[in-house]
Amino acid sequence: DQPRSRGLGDVYKRQIKSSNMKKAILFKTLVDILYILHFIGLIGIIFIIPFGTVNINQINMSVEDWSLFYWSIFIVSLFAYIIFLRGLYFLRKMARFLLTNKYFSDDTIVNLKKSGNNFLYTGIISFALIVVLWISKLTGGKFELIYDNNLLIPLFLSIIGMFFIIQSNALNLAKGIKEENELTV
């Protein structure tokens, strides 16, 4: 009675699972680092504001010179930042479920969708702030067309948000098909 040798298919499956696990661990680690750095940044902003050392990049103005308009821009920006952090939080939760190979679990799907929604909202709010600041400059007599990261980041966040929403819907559909196939076997 000799143990049966595994076929090459089993070896390849183990290698693929190992490769996927390594990628999932790297993904979770990178998302954790991004979340922690942004959370520290939020805390830093909250504690630095009272000392007047913060500038809004788009207007080059110190805190002492802010009008009610710029304070409202700052508060909406802070709100968008918190929404972004929520998106990262849900992405971290989703990554945790990936580590347990629960690709089609409700938790994975729901957290991916919540993350996508938060990134989409952040992108929309950030883009709206850029437009408001641009209109403000325009009404002040300055006409500028600038193409830089300040415009690309909200667009990228919106694209990533939409992708996560679409991906969560696809996972939900695949989960339904998988459950249906398991019932017919």
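Residues numbered from 1 in each chain as written. Predicted model: local features only at pLDDT ≥ 70, side-chain atom pairs only at ≥ 80, totals over all residues. Heavy atoms only, no water.

A. The overall build of the protein, seen in detail. A tally of regular secondary structure across the protein gives 4 helices and 2 strands. In the protein, the order of α-helices and β-strands from amino to carboxyl end is α-β-β-α-α-α. Taking all 185 residues of the protein together, 30% fall into the buried category. By sequence separation, contacts in the protein at least 24 residues apart represent 75% of the contacts at least 6 residues apart. A total accessible area of about 12,700 Å² is found for the protein, and carbon and sulfur atoms account for 67% of it. (Helix = DSSP H or I, 4+ residues; strand = E, 2+ residues; numbered from the N terminus. Buried < 20%, exposed > 50% of the residue type's maximum accessible area, 1.4 Å probe, protein only. Contact = heavy atoms within 4.5 Å. Areas by Shrake-Rupley, 256 points an atom, 1.4 Å probe, with all protein chains shown as cover.)

B. Layout of the nonpolar core. By size, the foremost hydrophobic cluster in this structure holds 26 residues, and its most contacted members are Leu85, Leu88, Leu91, Leu112 and Phe119. Put simply, the parts of the chain that give this core at least two residues each are helix 1 (8-48), helix 2 (68-98), helix 3 (106-139) and helix 4 (149-184). Sorting elements by how many residues they give to this core places helix 2 first, with 13 residues. Those residues in contact with Phe119 that sit more than four places away from it in its chain are Phe84, Gly87, Leu88, Leu91, Leu157, Ser158, Ile160, Gly161 and Phe164. (Core = buried A, V, L, I, M, F, W, Y, C linked by side-chain atoms within 4.5 Å.)

C. A look at the environment of Gly41. For Gly41, the position within the fold is in helix 1. What makes Gly41 partly exposed here is its relative accessible area of 25%.

Purely geometric numbers; function is a separate question.
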